[in-house]
Amino acid sequence: MSTLAVEGLRVRLPTPAGEVTVVDGVDYEVQPAEVFGIAGESGSGKTVSMLALLGLLPEGSAVEGSARFGNDDLITMPRRRLRSISGRDIAMVFQDPFTSLHPMLSVGKQLTEHVRLHLGLDRRGAEERAIELLADVRIPDPRAALRRFPHQFSGGMRQRIAIAIALACRPRLLIADEPTTALDVTVQAGILRLLDRLRREHELAVVLITHDLGVLSSVADRVSIFYAGRVVESGNRADVLQRPRHPYTRALLDALPHPEAPKEQDLVAIGGAPPSPGRIPPGCAFHPRCAYAVDECRSVVPPLVPVGDRRLACPVDPFADE
Amino acid sequence: MTQVAAEVRIPRRRFSLGAAWRQPLAIAGLVIAAIWILVAIFAPLIAPHDPLAQTFTPAKGPSWDHLFGTDELGRDVFSRVIAGSRVSLPIALVLVALAMTIGSTVGALAGYFRGVTDGALMRVADLVFAFPAIILAMVVAAVLGKGLFNAALAIVVVAWPSYARVSRGLVLQVGESEYVQSARLLGASSRRTLFRDVLPNVAGPIFVLATLDLASAILLLSGLSFLGLGAQPPKAEWGSMVAEGTQYFQWWWIGTFPGLAIFTVVLAFNFLGDSLRDVFDPRTVRRVEPE
Amino acid sequence: MSALELSDVVVDYHGRGGHVRAVAGASISVERGTIVGLVGESGCGKSTLARAAVGLVETAGGTVLFEGRPVTSLGRRTRPAELVRLQLVFQNPYSSLNPRRTVGSQLADGARGANVAELLERVGLPSNAIRRYPHEFSGGQRQRIAIARALAANPSVIVLDEPLASLDASAQAQLANLLKRLSRELEVGLLLISHDLAIVRHVADEVSVMYLGRMVETAPTLPLWEHPAHPYSEALIAAVPRADGGGVLPDSLPGEVPDPSHPPTGCRFHPRCPYAFDRCTVEEPPLLELSGGRASACWLQTEGRAPAPLPNLVGTESVE
């Protein structure tokens, strides 16, 4: 049984100009011990869709759809139960390791407090568990680290601490929103290796949200490509990233500088920019920038349908025979 | 499992004061302020009686003939309240304009030249800040002597440092900004960037401060008059009228209506200032950044 | 004579605990019409070096020469006219443009008669942008406006501090192509500072790698990429994840970047270097000149010779 099954997720956010649909019908499933990657640029709705699952949207937002987690539906769950689940069964790691840790509390305090709250351990038990967690994320000298404060650690170390806090209560699902975007590339490599090991050792399902296809290429098992609030392609990592079938996925991959491509060639840039949530074109949201668009694309929103081993939202499917 | 769940809405907190809620307040503020300004302009035409004229019907409660009643000398309170707008409003406007000009210039100079100039100027400002406004204003007014003009001067002395602080802070902050650095890299002189880049960014918050300060100025002016240091009898000034009212408590209308006048004007300018702040400060405007 | 030449530049920051040497003797040069990439991770001092190169920050040692003349630091005096042709584009397109002035008026700051509409056209923006305000444009477009503003001064060298960092993939690609084109067409030298090695590989003609305040390697782009001559360059290249769906985890470096106020003895990189030997802990290697226009600050290399291939231990024992 899947750890998380999202169906028909729609999110509307209040703005000064009225309500805006930011997520427009998203489905996906995450299996245990799997890294599920969600890729998208700005305005794709990838972060908002996660915030919706955890009840972290601003007031006045509207959420439709279901998100089955175990026997519960995260969307219709009463807030009190949702609060007890998040942090314990579902954990989240954010992009900025500077703001996700409390600057005035020692690392030990932040870890033990969390553990005592959700697991009811006593002080000694909580401390031992905290040291165990810090060792697991490879923080050198964990016992001394307990007494230090976040600002005394580098960005990469802080992110490891954030991961340790996230894993403290042995969650079934970890949601990581751009966890390495703010980090240097060598530090990022370390964090990706860490996440990979942790999910194997702890049978943890991971949802990894990022704009960086390289990151997904290295660590994800399956990926979902978001564009303008919808899923345009999803499937196995190798299928989608090596043999992309949706014109947007292909264009996104083409725009990246390839380590073996000749330098004289210009990068293939996609004209225009991703639409902002209030201004999504009718029909397929990508059609104004798509070289393969036909009339149908301008009026009909393409459904996400199974095509071979993957799911694709493009009836034109221009690269089918490759 | 295939059934799509009903829509879930996240309810608004009941007393959230978002930008949307402020709009009616801002409009109310604008309307009230506008009414008072019109009253001040057309005062002689609106007032039914001569504000200084004593009649033979002293201490009469509100009636059709005297909407706000008459005071202990038989003067029409309504006309006096109207006349009072001609005193408080223009003086407050002028003194705030003066304090704003002096204060922002001092602050801008401090921020621009820094070093010793900065230190000296801001220490003077700090000195003024060290005293509670009303106390200092009282002292200065007492030293200068009674009268509205001196009271106004006293308030200017007390009010200018807030502008200096805001203006200095902004000049420093904007001066370090990347767009000013870019302009300087392109060969613009420091002076040129001061006027083209820095000051336009300083003007907004200074004007917000001024609008809010108008409310304080009117309050201070009335306060000084209440204490006998500002307007002198028989001048119709709201503060001194409230003072009269405290002496004749049984005739509640003498002090209440001028007090209400002060209250509504101060409130109006506060609402206006608040909404102006929302307009200028991007952080208070609730923005949704979908991602 | 290079258009922009930095030699042994030293920059100190005076903080609370005394001073920190953000740049500890770095040299780099940029010719007209070429693109030089400067790469490095946090704390290496590349942004500081960029600012020192244009005079926004004072140097504590070394020289910065632009067209043969020393670059003075920008005090309160107006920048000397001969330096105006040395420009800088900042990283953040949201804070480098004045929100209260129109695009046209900001471009006119440097234009001095030059045609503002033409500048906009050169960077691919419509001429009606002149009357509009920065907030009406996207990040990528704002960055183009910033570049147009730099072009207004008819520069011979532009320093760009992480210009692509806050942009989407499409905007990055568009801007990278634009930079290449501008450099070729206008014969402008570009010093492109970036942490994104893949983009730098695609755009730059030459690359300099910086670590903890010093240059550790300089070389033409492709040779550096294929045969790095410094262990840090090798590690950086191996840490870049590839977007080819291959499922290969990138290699990481053990340890952390040391505190710049207490750099290691000897070679600054030795505590994290898989090939370090005794000389490395004791003597700091200078930037040794190798054949083929390359240079490397590593004792595995011999001055004057061709770059020696590295033992290639990086990757076999990758840690988390």
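Preceding block: the structure.
Residues numbered from 1 in each chain as written. Chains lettered and ligands numbered in written order. Predicted model: local features only at pLDDT ≥ 70, side-chain atom pairs only at ≥ 80, totals over all residues.

(A) Molecular detail of the overall build of chain B. Helix and strand content of chain B: 10 helices and 1 strand. In chain B, the order of α-helices and β-strands from amino to carboxyl end is β-α-α-α-α-α-α-α-α-α-α. Expressed as a percentage of the 291 residues in chain B, the buried residues total 43%. (Helix = DSSP H or I, 4+ residues; strand = E, 2+ residues; numbered from the N terminus. Buried ≥ 20, exposed ≤ 12 C-beta atoms within 10 Å, placed from the backbone.)

(B) Structural detail: the overall build of chain A. Scanning chain A from terminus to terminus reveals 11 helices and 12 strands. Scaling as 2.2 N^0.38, a compact globule of 322 residues should have a C-alpha radius of gyration of about 20 Å, and chain A matches this with 21 Å. The dimensions of chain A, computed from C-alpha atoms along their principal axes, are 65 × 50 × 40 Å. Contacts in chain A between residues far apart in sequence, at least 24 positions, make up 64% of those at least 6 positions apart. (Rg over C-alpha atoms; globule rule 2.2 N^0.38 Å. Contact = placed C-beta atoms within 7 Å.)

(C) Main features of the interface of chain A and chain C. The interface is formed by 38 residues belonging to chain A together with 37 residues belonging to chain C. Those elements that place two or more of their residues in the side of chain A that touches chain C are α7 (185–201), α8 (213–219), α9 (237–242) and α10 (247–255) of chain A. Top element by residues in the side of chain A that touches chain C is α7(A). It accounts for 9 residues. Residues belonging to the side of chain A that touches chain C are distributed by class as follows: 21 nonpolar, 8 polar and 9 charged. (Nonpolar A, V, L, I, M, F, W, Y, C, P; charged D, E, K, R; others polar.)

(D) Representation of the nonpolar core within the structure. Core analysis: the largest hydrophobic core is formed by 279 residues, its most contacted members being B:I155, C:L191 and C:L192. Beyond its immediate stretch of four places on either side in the chain, C:L192 contacts C:I35, C:V36, C:G37, C:L38, C:L160, C:V200, C:V203 and C:A204. (Core = buried A, V, L, I, M, F, W, Y, C linked by C-beta atoms within 7 Å.)

(E) Region of the structure containing the pairing of strand β7 (residues 173–177) of chain A. All names here are of chain A. β7 sits mainly inside the fold: 5 of its 5 residues count as buried. Neither face of β7 is exposed, since L173, I175 and D177 on one face and L174 and A176 on the opposite face are all buried. Alignment of strand β6 (residues 90–93) against β7, held across 4 bridges, turns out to be parallel. Looking at the pairing, I90 lines up with L173 of β7. Relative to strand β8 (residues 205–210), β7 runs parallel, the two being bridged by 5 bridges. Following the sheet pairing, A176 is matched in β8 by L208. As for the winding sense of the linkage, the β-α-β connection from β7 through α7 to β8 is right-handed. (Pairing = 2+ DSSP bridges. Right-handed = clockwise from strand over helix to strand, strands pointing away.)

(F) Seen up close, the sheet that holds strand β2 (residues 18–30) of chain C. Residue and element names in this part refer to chain C. Spatially, the 4 strands line up as an open sheet ordered β2-β1-β4-β5, and their pairing is antiparallel. Since the sheet does not close on itself, it has two edges, and those belong to β2 and β5 (69–70), each with one partner. Judged from the 10 bridges that link them, strand β1 (residues 4–15) and β2 form a sheet pairing that is antiparallel. Bridging from a neighbouring strand, L4 pairs with V30 of β2.

(G) Structural detail: the packing of helix α4 (residues 115–129) of chain B against helix α6 (residues 148–175) of chain B. Residue and element names in this part refer to chain B. Two numbers describe how α4 lies on α6: the axes approach to 9 Å, and their chain directions differ by 135°. Between α4 and α6, the crossing angle belongs to the class labelled oblique. Judged by the twist between their axes, the crossing of α4 over α6 is left-handed. Residues M122, A125, V128 and F129 of α4 form the contact with α6, whose own contacting residues are V158, P161, A164, R165 and R168. Tallied by class, the residues present in the contact of α4 with α6 amount to 7 nonpolar, no polar and 2 charged. (Axes fitted to C-alpha atoms, helices over the stretch in contact; angles between N-to-C directions. Parallel < 35°, antiparallel > 145°, perpendicular 65-115°, else oblique. Left-handed = near helix turned anticlockwise from the far one by under 90°.)

(H) Main features of helix α6 (residues 155–167) of chain A. Residue and element names in this part refer to chain A. The terminal C-alpha atoms of α6 lie 18 Å apart, and with 13 residues this matches the ideal 18 Å at 1.5 Å per residue to within 8%. Judged by how many residues are buried, α6 sits mostly within the fold: 11 of 13 residues are covered. Turning to α6, its buried residues are G156, M157, R158, Q159, R160, I161, A162, I163, A164, I165 and A166. Lining the buried residues of α6 we find β6, α3 (107–119), α4 (123–136), β7 and α7. (Expected span 1.5 Å × (residues − 1).)

(I) How the structure looks around the packing of α3(A) against α6(A). All names here are of chain A. The N-to-C vectors of α3 and α6 enclose an angle of 20°; their axes lie 9 Å apart at closest approach. Classed by the angle they form, the pair α3 and α6 counts as roughly parallel. For the pair α3 and α6, the sense of crossing is right-handed. Contacts from V107, Q110, L111 and H114 in α3 reach I161, A164 and I165 in α6.

(J) Quick peek at the pairing of strand β10 (residues 214–220) of chain C. Residue and element names in this part refer to chain C. Counting buried residues in β10 gives 6 out of 7 residues, a clear majority hidden from the surface. Bridge analysis of strand β9 (residues 206–211) against β10 gives 6 bridges, and the strand direction is antiparallel. Counterpart to E206 in the pairing with β10 is P220. Connecting β9 to the next strand, β10, in antiparallel fashion are 2 residues, including L212 with a positive phi near 45°. Two elements, β10 and strand β12 (residues 294–296), share 2 bridges in a ladder whose sense is antiparallel. The residue of β12 that forms the bridge with E217 is S296.

(K) Representation of the sheet that holds β12(C). All names here are of chain C. Strand order in the open sheet formed by 8 strands is β6-β7-β8-β3-β9-β10-β12-β11, with mixed pairing between adjacent strands. Of all strands in the sheet, those with a lone pairing partner are β6 (86–89) and β11 (288–290), marking the two edges. Between one strand and the next, the sheet's axes are offset by a mean angle of 20°, whatever the strand orientation. Where β6 and strand β7 (residues 157–161) come together, 4 bridges link them in parallel fashion. Looking at the pairing, V89 lines up with L160 of β7. Against the sheet, helix α8 (residues 231–239) engages β3 (35–39), β9 and β10, with an angle of about 105° to β9.

(L) Examining the environment of C:M210 more closely. Residues and elements named next belong to chain C. Structurally, M210 is set in strand β9. On the basis of neighbour counts, which here come to 24 C-beta atoms within 10 Å, the residue M210 falls in the buried class. Spatially, the C-alpha atom of M210 lies 26 Å from that of S95, the residues being 115 residues apart in sequence. Look past the residues within four positions of M210 in its chain and what remains in contact with it is A26, L38, G40, C44, G45, K46, M215 and V216.

(M) Quick peek at the environment of C:P263. Residue and element names in this part refer to chain C. On the secondary structure map, P263 appears in the loop between α8 and α9 (278–282). P263 gets classed as partly exposed once you count the C-beta atoms within 10 Å, which come to 18. The spacing of P263 and L88 is 175 residues in sequence and 29 Å in space, taken between C-alpha atoms.

(N) Spatial organisation of unusual backbone geometry. One non-glycine residue with positive phi stands out, namely A:E203, at about 50°. Structurally, the position occupied by A:E203 is in the loop between α7 and β8. The backbone phi angle of B:R114 is positive, close to 50°, even though this residue is not glycine. With respect to the helices, strands and loops of the structure, B:R114 is situated in the loop between α3 (77–113) and α4. Taking the number of C-beta atoms within 10 Å as the measure of exposure, B:R114 has 15 and is therefore partly exposed.

(O) Representation of the environment of C:I147. Residue and element names in this part refer to chain C. Mapped onto the elements, I147 comes out in helix α4 (residues 139–151). Here I147 falls in the buried class, since 25 other C-beta atoms lie within 10 Å of it. I147 sits 146 residues away from G293 along the chain, and the two C-alpha atoms are 30 Å apart.

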